[in-house]
Amino acid sequence: MSEKEVTKEKKVAAPAPTPAAAASASTTESEKKVKKTPVTKSAKANLCFPVGRIHRMLKDKVSVKRVSVLAAVYLAAILEYLTSEVLELTTSTLTKDYHVRRITPRHLLLSIKTDEELDNLIRTSTTIAGGGVLPHIHKVLYKKGEEKGAPVKH
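Residues numbered from 1 in each chain as written. Predicted model: local features only at pLDDT ≥ 70, side-chain atom pairs only at ≥ 80, totals over all residues. Heavy atoms only, no water.

> Please explain unusual backbone geometry as it appears in this structure.
Trans peptide bonds make up the majority, and among non-glycine residues the majority have a negative phi. A positive phi angle is found at Asn46, which is not glycine, with a value near 60 degrees. Examined against the element boundaries, Asn46 turns out to sit in the loop between α3 (41-45) and α4 (51-61). (Helix = DSSP H or I, 4+ residues; strand = E, 2+ residues; numbered from the N terminus.)

Take a look at the structure:
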């Protein structure tokens, strides 16, 4: 006999369960089911930044009726990308020049100001607290014939 004929005979030979037996079987099956572990929106999107929190904040701050989850995913991805760019630029600058182990706001400011695109992005709208100012000595303050690194002494 073929496999199809064997399965047909098994189906025919087995009596149909009564409704009470079917109900009791379903409860035992539901008890046996294991709950799936919840997966966050960030994990689904393969991001480190919290998509759920960003979505909640968007709904609170934006004056529209509905905010798509995709908008929150996109915004989280942008924020994560910008953060990784700034940190990569800062760490590369620190390891080459200063040999320090801790990133300070000053280091962040210097690395952002050296990159033209990041500087244009945050130039007018952002002040980094504790960042200080860029080191700059105006040309007028130099004496004629002095090197560029030494200011005029009075």
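> Quick question: what am I supposed to make of the packing of α4 against helix α5 (residues 69-98) here?
Helix-helix packing is described using two parameters, namely the angle between the two axes and the distance between the axes. With their axes 8 Å apart at the nearest point, α4 and α5 run at an angle of 115 degrees to one another. Considering only the axes of α4 and α5, their crossing is right-handed. Note on element contacts: α5 touches α4 through Val69, Ala71, Ala72, Val73, Leu75, Ala76 and Leu79, opposite Val51, Ile54, His55 and Leu58. Residues that form the contact of α4 with α5 fall into these classes: 10 nonpolar, 1 polar and no charged. (Axes fitted to C-alpha atoms, helices over the stretch in contact; angles between N-to-C directions. Left-handed = near helix turned anticlockwise from the far one by under 90°. Contact = heavy atoms within 4.5 Å. Nonpolar A, V, L, I, M, F, W, Y, C, P; charged D, E, K, R; others polar.)

> Even after reading the chapter, I still don't get the side chain of Ser111, so can you show me in this structure?
Within the secondary structure, Ser111 sits in helix α6 (residues 105-114). For Ser111, a relative accessible area of 1% translates into the label buried. For Ser111, the side chain forms a polar contact with the main-chain oxygen of Leu108, separated by 2.9 Å. (Buried < 20%, exposed > 50% of the residue type's maximum accessible area, 1.4 Å probe, protein only. Polar contact = N/O pair within 3.5 Å; in protein donor to acceptor, adjacent residues only side chain to side chain.)

> Help me understand the environment of Pro105 in this model?
Note on placement: Pro105 falls in helix α6. Along the sequence, Pro105 and Ala129 sit 24 residues apart, while their C-alpha atoms lie 6.9 Å from each other. When sequence neighbours within four positions are dropped, the list of residues in contact with Pro105 reads Ile128, Ala129, Gly130 and Gly131.

> Whenever I open this one, the pattern of salt bridges confuses me. Can you help?
If you walk through the whole model with that rule in mind, you get 2 salt bridges. Between Lys113 and Asp119 there is a salt bridge whose closest N-O contact spans 3.2 Å. Classification of Lys113 by relative accessible area gives partly exposed; the value is 26%. For Asp119, the salt bridge identified is with Arg123, shortest N-O distance 3.2 Å. If you follow the salt bridges from partner to partner, you end up with Lys113, Asp119 and Arg123 in one network. (Salt bridge = Lys/Arg side-chain N within 4 Å of Asp/Glu carboxyl O.)

> For this particular structure, what's the right way to read α5?
Each full turn of the α-helix corresponds to 3.6 residues, which orients residues three or four apart in the same direction. Here α5 is 30 residues long and its end C-alpha atoms lie 42 Å apart, about the 44 Å a rise of 1.5 Å per residue gives. Inspection of α5 places Ala72, Ala76, Glu80, Val86, Thr90 and Leu94 among the buried residues, and these make up the whole buried set. The elements touched by buried residues of α5 are α4, α6 and α7 (116-122). With a side-chain oxygen positioned 3.0 Å from the backbone nitrogen of Leu70, the residue opening α5 is Ser68. Following α5 by one or two positions, His99 has its phi on the positive side, about 55 degrees. (Expected span 1.5 Å × (residues − 1).)

> Please clarify how a negative patch on the surface should be interpreted in this entry.
Together, Glu85, Glu88, Glu116 and Glu117 make up a region of like negative charge exposed at the surface. Secondary-structure elements contributing two or more residues to the negative patch are α5 and α7. As for its placement among the helices and strands, Glu116 is situated in helix α7. (Patch = residues over 30% accessible without salt bridge, like charges linked within 9 Å, V, L, I, M, F, W, Y side chains within 5 Å. Areas by Shrake-Rupley, 256 points an atom, 1.4 Å probe, with all protein chains shown as cover. Lys, Arg positive; Asp, Glu negative; His and termini not counted. Charge placed at Lys NZ, Arg CZ, Asp CG, Glu CD.)

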